[in-house]
Amino acid sequence: MQLVLSWPVRLIVVGILLFSLFVDGAGYVYRIANHYPLTGNVPGLPPNFGGWQLYIHRGLDLAGGTHIDYKLSNFPAGQSRADVQQRTINVIAKRVNALGVSEPEIRGAGNNDRITVDLAGVTADQAQKTIGAVSRLIYTKWVKDATVTGGPHPGYKPAFTGITGDDIQSATAAVDPNNVGWVVNVTFTSRGGNLFGDLTTANVAACQADANGNYCAERFLTIWLDLNQNDINSWSDPAYAAKVSQNYDTQCLATATPTTVCPKLLVDAVTQSAILGGQATISGLSFTQQSTNDLATGINSGSLPVDLQVLDVTQIGSTLGAQSVKLSLAAGLLGLSIVVIFMIIYYRIPGLLASLALLFYAGAVLAVFKVVPVTLTLAGITGFILSVGMAVDANVLIFERFKEEVRSGRTIPAAVDAAVRRAWPAIRDSNTSTFITCVILGFVGPSQVKGFAITLGIGVVASLISSIIVTHNLLAIVLTASGLRRPALLGVDRARIV
Amino acid sequence: MPESSDDSTLPVDEDDEPDEPEEVPEVPVETAKPASIDTAKQTPAEVVKALSQAVPRVRRLDVISRRNWFFLVSLVIIIPGIFFMATRGFLLGIDFAGGTEFTVTFVTNPTVQQVQAAVAAENIGGSVITTGGGGYIIRAVPLAPAKQKTVEDHLQSKLGTWVLQSVLEVGGTIAGETIEFALLAVVLAAVAILFLLAIRFRNVPGGWRAGFQFGGAALAALLHDVFLLTGIFSILGKVLNLRIGEIDSLFVTAVLTVVGFSVHDTIVVFDRIRENLRVSQRLSFEQVVNLSIMQTAARSIITSFTVVLVLAAILISGGDTLKGFALALMIGIVSGTYSSIFNAAPLLVVWRRLQPLR
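Cut-offs and rules
- Residues numbered from 1 in each chain as written.
- Chains lettered and ligands numbered in written order.
- Predicted model: local features only at pLDDT ≥ 70, side-chain atom pairs only at ≥ 80, totals over all residues.
- Helix = DSSP H or I, 4+ residues; strand = E, 2+ residues; numbered from the N terminus.
- Rg over C-alpha atoms; globule rule 2.2 N^0.38 Å.
- Buried ≥ 20, exposed ≤ 12 C-beta atoms within 10 Å, placed from the backbone.
- Contact = placed C-beta atoms within 7 Å.
- Domains from an automatic or database assignment.
- Expected span 1.5 Å × (residues − 1).
- Bend = angle between axes of the 7 residues up to and from the residue.
- Pairing = 2+ DSSP bridges.
- Axes fitted to C-alpha atoms, helices over the stretch in contact; angles between N-to-C directions.
- Left-handed = near helix turned anticlockwise from the far one by under 90°.
- Nonpolar A, V, L, I, M, F, W, Y, C, P; charged D, E, K, R; others polar.
- Core = buried A, V, L, I, M, F, W, Y, C linked by C-beta atoms within 7 Å.
- pLDDT = per-residue confidence, 0-100.
- Parallel < 35°, antiparallel > 145°, perpendicular 65-115°, else oblique.
- Arc of directions from axis to C-beta.

So, on to the overall build of chain A. For chain A, the helix and strand inventory stands at 15 helices and 15 strands. What you see for chain A is a C-alpha radius of gyration of 32 Å, clearly larger than the 23 Å of a compact globule of 498 residues, by over 25%. Taking all 498 residues of chain A together, the buried fraction comes to 44%.

Next up on the list: the overall build of chain B. Helix and strand counts for chain B come out as 10 helices and six strands. Here chain B holds 358 residues, and the buried ones make up 46% of them. In chain B, the proportion of contacts linking residues at least 24 apart, taken out of those at least 6 apart, comes to 75%.

For an interface, size is often stated in terms of accessible area lost upon the parts coming together. Each assigned domain of chain B is listed here: domain 1 (68-93 + 174-354) and domain 2 (99-170). Relative placement of domain 1 of chain B and domain 2 of chain B: their C-alpha centres are 39 Å apart.

Where the residue is not glycine, phi is negative for most of them; where a peptide bond is considered, it is trans in most cases. Look at the link from V372 of chain A to P373 of chain A: it is a cis peptide, with omega at -15°. Note that P373 of chain A resides in the loop between α11 (318-371) and β15 (375-376). A positive phi angle, near 60°, is found at N112 of chain A, a position not held by glycine. Relative to the helices and strands, N112 of chain A resides in the loop between β5 (105-109) and β6 (114-120). Look at N123 of chain B: it is not a glycine, yet its phi comes out positive at around 60°.

Residues and elements named next belong to chain A. When the terminal C-alpha atoms of helix α14 (residues 447-478) are compared, their 44 Å separation across 32 residues agrees well with the 46 Å that a helix rising 1.5 Å per residue should span. Maximum bend of α14: about 30°, positioned at S466. With 24 of 32 residues buried, α14 lies mostly within the body of the structure.

In this section: the sheet that holds strand β11 (residues 220-225) of chain A. Residues and elements named next belong to chain A. Read from one edge to the other, the open sheet built from four strands follows the order β8-β7-β11-β12, with strand pairing classed as antiparallel. The open sheet has two edge strands, β8 (156-164) and β12 (265-270), and neither has a second partner. Direction aside, the axes of adjacent strands within the sheet are offset by 30° on average. Pairing of strand β7 (residues 137-144) with β11 involves four bridges; the strand directions are antiparallel.

Residue and element names in this part refer to chain B. Orientation of helix α6 (residues 172-200) relative to helix α7 (residues 207-239), taken along the N-to-C sense of each, is 145°, at an axis distance of 7 Å. In this structure, α6 crosses over α7, and the sense of that crossing is right-handed. Residue-level contacts link A190, I193, L194, F195, L197, A198 and I199 of α6 to W208, G211, F212, F214, G215, G216, A218, L219 and L222 of α7. Residues belonging to the contact of α6 with α7 are distributed by class as follows: 13 nonpolar, three polar and no charged.

Okay, the interface of chain A and chain B next. In this complex, chain A contributes 56 residues to the contact, which on the side of chain B involves 59 residues. If you list the elements that add at least two residues to the side of chain A that touches chain B, you get α5 (124-132), β14 (307-316), α11, α12 (378-407), α13 (412-444) and α14 of chain A. Looking at which element gives the most residues to the side of chain A that touches chain B, the answer is α11 of chain A, with 13 residues. When grouped by side-chain class, the residues that make up the side of chain A that touches chain B number 29 nonpolar, 18 polar and nine charged. Pairing geometry for β14 of chain A and strand β5 (residues 162-170) of chain B, over five bridges, is antiparallel. Looking at the pairing, I316 of chain A lines up with S166 of chain B of β5 of chain B.

Attention now moves to the nonpolar core. Among the nonpolar cores identified, the biggest contains 185 residues, and A218 and V255 of chain B are the most heavily contacted of them. If we ignore the near neighbours within four places in the chain, the residues touching V255 of chain B are V186, V226 and L229 of chain B. Core analysis: the next-biggest nonpolar cluster, separate from the first, contains 27 residues, A171, F188, I275 and I299 of chain A among them.

Glancing now at the confidence of the model for chain B. Residue and element names in this part refer to chain B. This prediction gives chain B a mean pLDDT of 78; 80% of its residues lie at or above 70. For residues 1-36, every residue scores under 50 in pLDDT, and the model assigns this stretch 49 contacts once sequence neighbours within four places are set aside. The model gives residues 54-58 a pLDDT under 50, and that stretch makes 19 contacts with residues more than four places away or in other chains.

Moving on, we get to the packing of α13 of chain A against α6 of chain B. Angle between the axes and distance between the axes are the two parameters that describe a pair of packed helices. It is the contact of α13 of chain A with α6 of chain B, at a shortest axis distance of 9 Å, that shows an interaxial angle of 150°. Relative to α6 of chain B, α13 of chain A is oriented roughly antiparallel. For the crossing formed where α13 of chain A meets α6 of chain B, the hand is right-handed. Across the interface between the two elements, D429, T432, S433, I436, T437, I440, L441 and V444 of chain A from α13 of chain A touch F181, L184, A185, L188, A189, A192, I193, L196 and R200 of chain B from α6 of chain B. Grouping the amino acids of the contact of α13 of chain A with α6 of chain B by side-chain chemistry returns 12 nonpolar, three polar and two charged.

Here the focus is the sheet that holds strand β10 (residues 182-188) of chain A. Residues and elements named next belong to chain A. Spatially, the three strands line up as an open sheet ordered β9-β10-β13, and their pairing is antiparallel. Only two strands of the sheet have a single neighbouring strand rather than two, namely β9 (168-175) and β13 (279-283). The average angle at which neighbouring strand axes cross in this sheet is 20°, direction not considered.

Turning our eyes to something else, we now look at α5 of chain A. Listed as buried for α5 of chain A are A124, A127, Q128, T130 and I131 of chain A. The buried residues of α5 of chain A all sit within an arc of 170° when viewed along its axis, so they share a single face.

See below:
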């Protein structure tokens, strides 16, 4: 292994250092470039350079928020569990969006039967209400009622058709095969398909398009969330009808009391022809990829395909999170300064260089955390601090060996090379074992342990680079100055000065 | 910091002068010369002398011949630990035991008795722990969200408003799984370390069997540390009834960290044994092992000492949540250093005697 590097390679290492420093300081670059103050919240943060969000992603235990594990049960027969899980995740995501959480994390887990939700800055109560809200999807037709003056079809009020979310198997957004546009394909269950077939047949018989191509209200079929008899009874109030007929609002629905009026309309579609066979297509002139996706999710969200059972809930207050950040920062800085002081007193110049290498190390690891990005938790910070310890350990190994080599009569430059070469097997083997442990923990460990394993794993790789390449090369460069090759400065008892 | 700028005050070499002729237990005293090592020409004794000349610090240590004493020290701590683990178990934290846990700080300052009475009145199997500064941890059986809300409201109406620091609710399923996964992870990691060491050390004389001896000895040292740490925590939590002895997922992280450190220390010693076996082929295995321990002890003690300093600082000044964690790490790291010097290497010698390889 070539350990003393040529200058071009050293330049690359310096390049990595500069890049890390840029990534670490990206927030400040952004603030200065936009004339924002250097501390506190500013608009537009986090900075987003070329798709990279360059800031430390804090886990819930540091940021405060709610973590919930759900277990899925009552899977619909004949559908792949992975699909059902994904659909449930989409539904939950849709509902959570209404809370306006930044970066909600909704992940599948377990054997396709678990969903984990992480929401920053939301109380457990809010989160559970929103996610667990049972929105019922309702299909209505329109019937004549002279008292109605408002709503989408004046003179008509909605009437239940008997089709609900239970009758819909799935809804997906797709590209319209005929035109260049987007449609939503709805698949009914066999009961829903029959009902829908009868309904559309009756609708088509009701009237034909008038001269302008407009249809009578009887030809419309409308999908709502949570529409109830009370709403229909109040339809003659134009303000009420107008309010309910706005695009649905999950937040309002989730927190609704019996007296609140929430927007509930999903889509109001005209029946083009009788649809038999349980496959309907909803199309529209203004449909985009986004709006069809929203509509499909909306239809699905009215029919959560499974039952959700709460396994555990963790709510961390934001003050506790901030406290943890402070404590672990303090612990980390304290540890780092003790280590640096110790290294410099005990190993003199090599110790100083190792401390410089340690700064390189910390900067590089932080940059990796930001770029990947790694979500930092308390356990993750522990992993990071531990990896600092291991970086120091590699240096101690090299320096102890250096002293031995000097004692056994080598010249100082030769001792540096011999020390690194001979300490290498121990450093390699011990770090390999740690790295393998990290990989195992990252795959099988419970979630807290995973955060620990990821930061420790990244740290171990960086510490290898920092201790072997950076420290060693710094030593080799600095020790070309003969004035520095004095035993007292190198922390050795006696040395051959050449 | 105990270190002054003078090296000689380091704990490990209080009375050693670098140039003074030194004793190695197996070797008669000779006039010391700067070492030059030529295993072909020197007697084994001279080689040991010459090699240890390079290490003037801890060479009086003769670990191998006193190994039974060191094994005894470990057993004296581990056996009661295992006994209490088996009979009394652990004081489980919320993430392992399941249940609901409120961490709160009251704005008004109710007394502990008031809080306990109010919690008892809720009939939720609750217990109260003080954290200082008006802070309390209230534990209960798992509560449904609605029930949880009522309990919060009741308690606040009786005791005054609080600032809710955190609420944890852990169902039995998750609690069981956390333990399961953590155990599985430790077992898999241990097996991986055994095989990694066997592969890396198969080049020493004796081949694969020797490799597995190294791996096995390292594994034994690792288990020593895990059992010692968990045993002490079982005693702290269940025998002495201290909250610091509580086992939670942070404790699992501490155990894993200790495993990492212990294996590091052990590998450093073993690596030196591997090197010395190659360099000085005329020494007996015991002599090689003892020499290697002497050569690496300074490094192991320095590294652990640094870490223990940091942990001591956390233990004294850190927050409540971190204290148990810092204590666990401290015990584990001291144990890890001890076991790699005084257990792993001597164990290797014992194993070699039972199953000679060369």
